[in-house]
Amino acid sequence: MADATAAALHADDHHYTATGLPSWKVGFWTFLGSECLFFGTLISTYMVYKGSSVQGPYPHEILNIPLTSVSTFVLLMSSLAMVLALDGVRRGSKKLAVTWLAVVIVFGSIFLGFQVYEFSHFVHEGLTIPRNVFGSSFFVLTGFHGAHVTVGVVWMTTLLVLALRGRLPPSKALSVEIAGLYWHFVDIVWIVIFTLIYLIQ
Amino acid sequence: MTNLWSWITTVDHKRIGVMYFLTSLFFFFVGGIEALVIRVQLWKAEQALISAELYNQLFTMHGTTMVFMVAMPMAVAFFNYVVPLQIGARDVAFPRLNALSYWIFLFGSLFMNASWFVGSAPNTSWVGYANLTSLQFSPGPNVDFWVIGLSIVGIASILGGVNFITTIVNLRAPGMKFMRMPLFTWMTFVTSFVLVTAIPVIAVALILLAFDRFFDANFYVTAAGGDPILWQHLFWLFGHPEVYILILPSFGMISDVIPAFSRKPLFGYPVVVYAGVLIGFIGWGVWSHHMFTSGLGPIADSFFVASTMIIAIPTGVKIFNWLATMWGGSIRFTTAMLFSIGLVAVFTIGGLSGVMHASAPVDLQQHDTYFVVAHFHYVIVGGVMMGLFAGFYYWFPKVTGRMPDETLGKIHFWLALIGFNLLFFPMHFSGIYGMPRRTWTYSAELNVELWNQLSTVGGFIFGAAAVVWAWNMIRSARSGAPAGPNPWGAATLEWSIPSPPHHYNFPSLPVVRTREPLWHEEERREVEAVTLAEPEREPEMPRPSFWPILVAAGATLTWALVMTGIWWVPLTGLAFTGFAIFMWAFENPFGKKAGAHHG
């Protein structure tokens, strides 16, 4: 019973948890599990409808692999910046935290800029949501991913403002870590989308 | 006014549980009245009391209401009230998120039901098969209300699932190991996993439908290469796990009630736990048995026949565990116990007819007939609702501090049992004789009028039972005998604290050593010394917050504005929601200086 007694000593602390993990982290991982099913279903829909369009433009006519490779690279690098930002916050370095959070925001925005360009270019080429099932499933899938990146950029901007005001001490590293979990998740989803939609046509 | 405000801003899991319960009770009567109108219309062959169009709206809203606004949220009411008490926690892991779930559920449900007031309630059945739901075949706003209302309600379920998984993983009292948790908490845990994984699937199905309807997408449009079968797959990929979302909480409830009134620990506790977990898993691999008639081919059919028959095994195991728990016990036939035994008996009938149409060739005969209607009402009313009734009578003293009236309770039970069987058993016959479901009226030559009339009589008896229930609730809450902490002599932690509990539940956290802490004399004394103590200083609890209701209003508004079909209009609702989320994030739940991220 030694373990139980030891735990009871901390039982009245607000931060007591049975696993020792912060609830925020457990809850957020669970949420990401739910998000996996969300994107999994959207990606499956795209895969099921591959080759079903009865009129063009078709994927191979319009998807630009070199261009999207660049934006994919930028997004992947933003994950590296995210890791360094968290490291900066943990070390209590305002300079590192601010710098790397800014890099995450800039890289995320560049990715979004590429997506805006890609979408408007496709619409110009005649690919829209109503045009064919490729258009429907492509725009809805990548649109929801883009919306997730946008939420991430807003979140990172909030953290950046907090960091600039000196309100992101090492004791608040968990906030940054959770935001990082989200950011990496959105990144990984993009790797799957890029592979399945752009590379394997 | 102050009192109302305190309910609107509450983050107390017990108050939120009560709100969930009363809301789902209200919708229970709404959905019940819809059902009774249906039964009156079916009283005589070739009768036309109401129009076919109104009939379509009634059965659609009856199904949607009973599943999403009654059975699920009423179970969630018990998750809320009971689970933190059973594991020795002061609240759920994210109290404000919990309030948000409730308000989103309420607003989404009200939004969908608002369709009645413009005469355009959803009319494409609770499964909303494509491409009947397309703009081409359903041009009115009926389906718009359905797709948006369900999307809103779904958000509440995902957030609730996240909250209860975290609560059960992280807030168990010292010594409350997983294999010491009461069965109701266990089944809440399993159900929550199914919720967070199954709801996103229907969310996507609904989003695709919304894009088809509002932005001219082609997901379910055959002419453009879309496939209506995709809807069926996505819907049932959610829909069958949903069946277990509905039944597992009730299984959990009676797994706590039967031992309490048999004065015996649950027979084969680990087996009951594993059977529940197994049901949660296999529940993901049976969905296409809803689609045998859609022509999937013999290989797919065979797989789903096998998996469907396999899932009957863990369910059957549980039935025997409950029977073995009662075997040799000193049984007290309280109302809660009667409803639990009722579940074991009646659910088994529904389970058996389920195994019948697990077989694809048999299902081809029964598909879309009243036989199927009989089957799923046996498992959902006879299983889910009986369990919820049992849970209601069992935990009523804990919530109100007063005993439920056992005489009225027994009248409720017998009326419900007789009415239920008279209502649904004849449907097996009308179905076998070939009466299709969702039919507005039927030919006299079908010879099913007698069976329909029996069903209608049964329906009204079941309705009377519900009225007795409500009357008992009001009467006992006002003038029932005082309950005391543990009126049933039950074994689990929620019975170690006063009834009703203090807002902080536990003055300090008890240490648990066994599965039945209150049935071991020494442990009981140790636990109660902690749980019944008057604290010198009350534990600090999170403060009320009005941001959850505002975020919920914003989320509802955002979705409702999608109905305009103009892409930027919903963004205004989104901006409001975003603002409210920001304010929430920077509000300190304990009310000192600002600090982000406490859930």
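Definitions and cut-offs
Residues numbered from 1 in each chain as written. Chains lettered and ligands numbered in written order. Predicted model: local features only at pLDDT ≥ 70, side-chain atom pairs only at ≥ 80, totals over all residues. Helix = DSSP H or I, 4+ residues; strand = E, 2+ residues; numbered from the N terminus. Rg over C-alpha atoms; globule rule 2.2 N^0.38 Å. Buried ≥ 20, exposed ≤ 12 C-beta atoms within 10 Å, placed from the backbone. Contact = placed C-beta atoms within 7 Å. Nonpolar A, V, L, I, M, F, W, Y, C, P; charged D, E, K, R; others polar. Expected span 1.5 Å × (residues − 1). Bend = angle between axes of the 7 residues up to and from the residue. Axes fitted to C-alpha atoms, helices over the stretch in contact; angles between N-to-C directions. Parallel < 35°, antiparallel > 145°, perpendicular 65-115°, else oblique. Left-handed = near helix turned anticlockwise from the far one by under 90°. Core = buried A, V, L, I, M, F, W, Y, C linked by C-beta atoms within 7 Å. pLDDT = per-residue confidence, 0-100.

Asker: Tell me what's going on with the overall build of chain A, and back it up with residues and numbers.
Answerer: Across its full length, chain A carries seven helices and zero strands. For chain A, the N- to C-terminal ordering of α and β elements is α-α-α-α-α-α-α. A compact globule built from 201 residues would reach a C-alpha radius of gyration of about 17 Å, whereas chain A, at 21 Å, exceeds it by more than 25%. Counting only C-alpha atoms, chain A reaches 70 × 40 × 25 Å along its principal axes. For chain A, the residues scored as buried account for 39% of the 201 residues in total. Considering only intrachain contacts with a sequence separation of at least 6, the fraction spanning at least 24 residues in chain A is 82%.

Asker: I'd love a proper account of the interface of chain A and chain B, names of residues and values included.
Answerer: With 35 residues of chain A at the interface, the matching set in chain B holds 37 residues. Listed by contribution, the elements that provide at least two residues to the side of chain A that touches chain B are helix H1 (2–9), helix H2 (23–48) and helix H6 (133–164) of chain A. Sort the elements by how many residues they give to the side of chain A that touches chain B and H2 of chain A lands first, with 14 residues. For the side of chain A that touches chain B, a count of residues per class yields 19 nonpolar, 15 polar and one charged.

Asker: Kindly report on helix H6 (residues 183–215) of chain B, identifying the contributing residues and their values.
Answerer: All names here are of chain B. Helix length check: H6 (33 residues) gives 46 Å between terminal C-alpha atoms against 48 Å at 1.5 Å per residue, within 8%. At Leu-195, H6 is deflected by roughly 25°, the largest bend along its length. Burial of H6 is extensive: 31 of the 33 residues sit out of reach of the surface.

Asker: I'd like a description of the packing of helix H8 (residues 269–282) of chain B against helix H9 (residues 298–326) of chain B, backed by residues and values.
Answerer: Residues and elements named next belong to chain B. The interhelical angle for the contact between H8 and H9, taken along N-to-C directions, is 155°, at an axis separation of 9 Å. By the angle between their directions, the pair H8 and H9 is classed as roughly antiparallel. Crossing geometry of H8 relative to H9 is assigned as left-handed. Between H8, through Val-271, Val-272, Ala-275, Leu-278, Ile-279 and Ile-282, and H9, the contact on the second element is made entirely by Ser-307, Ile-310, Ile-311, Pro-314, Thr-315, Val-317, Lys-318 and Asn-321. Tallied by class, the residues present in the contact of H8 with H9 amount to ten nonpolar, three polar and one charged.

Asker: Requested: an account of the packing of helix H2 (residues 13–41) of chain B against helix H14 (residues 449–479) of chain B, with residues and values cited.
Answerer: All names here are of chain B. Close contact between H2 and H14 brings their axes to 9 Å; oriented N to C, the two are set at 160°. Compared by their axis directions, H2 and H14 come out roughly antiparallel. For H2 against H14, the interelement crossing comes out left-handed. Facing Phe-29, Gly-32, Ala-35, Leu-36, Arg-39 and Val-40 of H2, the residues of H14 in contact are Ser-455, Thr-456, Gly-459, Phe-460, Gly-463 and Ala-466. In terms of residue class, the contact of H2 with H14 is built from six nonpolar, five polar and one charged.

Asker: Which residues make up the nonpolar core, and what are the values?
Answerer: One finds Leu-101 of chain A together with Ala-390 of chain B to be the most contacted residues of the largest nonpolar core, which totals 241 residues. By size, the runner-up hydrophobic cluster in this structure holds five residues, among which are Tyr-55, Leu-58, Met-61 and Ala-121 of chain B.

Asker: Any chance you could break down the confidence of the model for chain A for me, citing the residues and the numbers?
Answerer: Per-residue pLDDT for chain A averages 92, and the proportion of residues at 70 or more is 93%. Note on residues 1–12 of chain A: pLDDT is under 50 here. Beyond four places in sequence and across chains, it has 15 contacts.

Asker: Which residues make up helix H3 (residues 52–87) of chain B, and what are the values?
Answerer: Residue and element names in this part refer to chain B. With 36 residues, H3 ought to run about 52 Å at 1.5 Å a step, and its terminal C-alpha atoms sit 50 Å apart, in line with that. Bending of H3 peaks at approximately 35° at the position of Met-66. Burial analysis of H3 places 32 of its 36 residues in the buried class, which makes it a mostly covered element. Positive backbone phi, approximately 75°, marks Gly-88, located one or two places after H3.

Asker: For unusual backbone geometry, give the residues involved together with the corresponding values.
Answerer: What is expected of a backbone is that most residues other than glycine have negative phi and most peptide bonds are trans. Cis peptide bonds are those with omega within 30 degrees of zero, and the linkage from Gly-56 of chain A to Pro-57 of chain A qualifies with 0°. The amide bond that connects Ser-499 of chain B to the next residue, Pro-500 of chain B, takes the cis arrangement and shows omega of -10°. Residues other than glycine seldom take positive phi values, yet Glu-46 of chain B does so here, at roughly 55°. By the element assignment, Glu-46 of chain B lies in the loop between H2 and H3. Backbone geometry at Asp-216 of chain B places phi at a positive 60°, although glycine is not the residue there. Mapped onto the elements of the fold, Asp-216 of chain B is located in the loop between H6 and helix H7 (228–262).

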